[in-house]
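Close look at the chain arrangement
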Amino acid sequence: MSGRFVSPSALRLADEGWRVFGGSRRDSTVADRVHGLKLDVTDDESVARAVDQVLEAEGRIDLHVNNAGFALSTVMPGSAGGGTRRTDASRQLSLP
């Protein structure tokens with residue numbers, strides 16, 4: 001969730017009674033039905049803080065959806081592989 005953009009999936013889960021947390025690097029204000037967290041998925045300490053905040057508030061995490069990432073807008077010499085792997089690694093879906 002970037003800034004004030006909230007995915008329809010997050011809003012639907014919130015409407016169905018899930019407690020939804022959304023992260024953003026710039027702003028922890030997300031939406032009235034989504035609890036905002038300041039989060040940078042490329043920073044391990046930031047991720048650990050966000051996880052700790054959710055666990056403290058809820059005691060568990062039932063579903064984790066990460067759609068964070070970035071795009072390479074052009075192919076640059078030396079960028080093949082590393083940038084693609086980093087992009088892919090920043091997108092995941094997990095069920096504990």
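Above this text sits the structure in question.
Residues numbered from 1 in each chain as written. Predicted model: local features only at pLDDT ≥ 70, side-chain atom pairs only at ≥ 80, totals over all residues. Heavy atoms only, no water.

To continue, consider the pattern of salt bridges. Overall, the coordinates contain four salt bridges when judged by the stated rule. The salt bridge involving D62 is made with R60; its shortest N-O contact spans 3.0 Å. In this structure D62 comes out as partly exposed when scored by relative accessible area, which is 40%. (Salt bridge = Lys/Arg side-chain N within 4 Å of Asp/Glu carboxyl O. Buried < 20%, exposed > 50% of the residue type's maximum accessible area, 1.4 Å probe, protein only.)

Mapped onto the elements, V41 comes out in the loop between β2 (34-38) and α2 (44-58). In sequence terms V41 and R25 are 16 residues apart; their C-alpha atoms lie 8.3 Å from each other. (Helix = DSSP H or I, 4+ residues; strand = E, 2+ residues; numbered from the N terminus.)

By the element assignment, S46 lies in helix α2. With near-sequence residues (within four places) excluded, S46 lies in contact with K38, L39 and D40. (Contact = heavy atoms within 4.5 Å.)

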